[in-house]
Structure formats: C-alpha cells, structure tokens
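# Close look at the chain arrangement
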Amino acid sequence: MEFKRDAYCGLYCGACPVFLATADSSPDALQALAEQMNTDPETLRCYGCKSEKTVTWRSGCRLKACARERGLEFCIECDEYPCANLVAFTIDRQYAYHTLVLKNMEVIRREGVTAWLEQQAGRWRCAACGTSHSWYDAACPACESPTRNWTD
C-alpha cells in the first residue's frame, strides 16, 4: 500500500507517530507504540489520512468525509473554507499541532503540494542525522539530538 503524507485538512501525516511507526521497516516499531497506547497494533496501522488504511479513530473524521464527498484534495479548495469544523479542528487544545493546518494550507495554495511536501519532509527530520520524527518528539528517536516541534 502506498503511503500518503498529505491530509485533507493540511496536516503532514509524515510527522504522525502512528504513521512513522507504520512506515518504520522494523516490525517492532508499531508493536512498541501499541504497547505505549495500550491497544492492538493492527488498530494503529496507518498509511496516511488519504489512504484506505488509517487508524481506527481517523475513519470517522468529519473533515476527511466532507472533502471526499465534495471531491476535494484539500479543505482549502472548498467554497466554505475555513468552515466551522476546520476552525474547531485548529483550536483543539488536545492536539496543539493542529494549529499548523491553516498556515500549511496557505503554503499549499501559494507553492503547491509538491513543494509543501518537500518542505515538510525536511522540517520533520533531525538536523543531525536525518531521521524522521513526530510532532511530539523533543529529541530524535535515533540520535537523541534536540528536534524542532510544532511550535518552531
């Protein structure tokens, strides 16, 4: 199955810890994350929000359902952008990195999705060793160097 790193809402799936564990070539990565989250590893397997295999709690995403129903690649293409659901998504204090989506959407609009994906791939890699890291990582999972987080 192909990995999809861009989400309808403008999040970069490549910085999601579940996505990273699924993409990791080590079979232990998803198992270790599942143990941390006290769940079955198969419920975590995710190839990105635009793929057919996402984590179980993403299957009911209103933003994803709306974009698919309207035939949109991104919420920014919608006449109602930014709608109440997207605004609520961006201010959800439980997931503070959601604040990135409106900025991401503007970069996608201005520079295109390919350029944005390239920027994000670099932004969510350790400056010291190049290992991908998640929104939550304060240190690189490979070399333990400090990483940029969603606020940087």
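These numbers come from a predicted model, not from an experiment.

## Digging into the overall build of the protein chain
Within the protein chain, the regular secondary structure consists of seven helices and zero strands. Secondary structure elements of the protein chain occur, N-terminal to C-terminal, as α-α-α-α-α-α-α. The globule rule puts the C-alpha radius of gyration for 152 residues at 15 Å, and the 15 Å found for the protein chain is close to it. By its C-alpha atoms, the protein chain is 45 × 30 × 30 Å across when sized along the principal axes. Looking at the 152 residues of the protein chain, the share that counts as buried comes to 40%.

## A closer look at unusual backbone geometry
Looking along the chain, the bond that leaves tyrosine 81 and enters proline 82 is cis, with omega of -10 degrees. One can find proline 82 in the loop between helix 4 (62–70) and helix 5 (84–90). A positive phi angle, near 65 degrees, is found at glutamate 144, a position not held by glycine. Along the chain, glutamate 144 falls in the segment after helix 7 (113–123). Assessed through its relative accessible area of 65%, glutamate 144 is described here as exposed.

## Some remarks on the pattern of salt bridges
Counted according to the given criterion, the structure contains six salt bridges. Between glutamate 52 and arginine 68 there is a salt bridge, with its nearest N and O atoms 3.4 Å apart. With glutamate 52 in the loop between helix 3 (41–44) and helix 4 and arginine 68 in helix 4, this residue pair connects regions lying 16 residues apart in the sequence. Using a relative accessible area of 66% as the deciding quantity, one classes glutamate 52 as exposed. Classification of arginine 68 as partly exposed rests on a relative accessible area of 34%. In the salt-bridge network here, residues are joined through shared partners; they are Asp6, Lys50 and Glu73.

## Focus on the nonpolar core
Formed by 35 residues in total, the largest nonpolar core has its most connected members in Cys9, Leu11, Val18, Leu86, Phe89 and Trp135. What tryptophan 135 contacts, discounting residues up to four positions off in sequence, is Leu11, Tyr12, Ala15, Cys16, Pro17, Tyr97, Trp124, Asn149 and Trp150.

## A few points about the environment of threonine 114
Counting through the fold element by element, threonine 114 comes out in helix 7. Note on threonine 114: relative accessible area 54%, which makes it exposed. Through-space distance from the C-alpha of threonine 114 to that of aspartate 6 is 9.9 Å; in sequence the pair is 108 residues apart.

## Focus: helix 6 (residues 101–111)
Listing the buried residues of helix 6 in full gives Val101, Asn104, Met105, Val107 and Ile108. Buried residues along helix 6 cover an arc of 160 degrees about the axis, so they all sit on one side. Summarising the geometry of helix 6, the exposed residues directed more than 90 degrees from the buried face are Lys103, Arg109 and Arg110. Buried residues along helix 6 sit against helix 5 and helix 7. Where helix 6 ends, the next residue or the one after it, glycine 112, has phi of about 95 degrees, a positive value.

## Observations concerning the side chain of asparagine 104
By the element assignment, asparagine 104 lies in helix 6. Within the structure, asparagine 104 has its side chain in polar contact with the backbone oxygen of glycine 10 (distance 2.8 Å). Beyond its immediate stretch of four places on either side in the chain, asparagine 104 contacts Gly10, Leu11, Trp116 and Gln120.

Rules used throughout
- Residues numbered from 1 in each chain as written.
- Predicted model: local features only at pLDDT ≥ 70, side-chain atom pairs only at ≥ 80, totals over all residues.
- Heavy atoms only, no water.
- Helix = DSSP H or I, 4+ residues; strand = E, 2+ residues; numbered from the N terminus.
- Rg over C-alpha atoms; globule rule 2.2 N^0.38 Å.
- Buried < 20%, exposed > 50% of the residue type's maximum accessible area, 1.4 Å probe, protein only.
- Salt bridge = Lys/Arg side-chain N within 4 Å of Asp/Glu carboxyl O.
- Core = buried A, V, L, I, M, F, W, Y, C linked by side-chain atoms within 4.5 Å.
- Contact = heavy atoms within 4.5 Å.
- Arc of directions from axis to C-beta.
- Polar contact = N/O pair within 3.5 Å; in protein donor to acceptor, adjacent residues only side chain to side chain.

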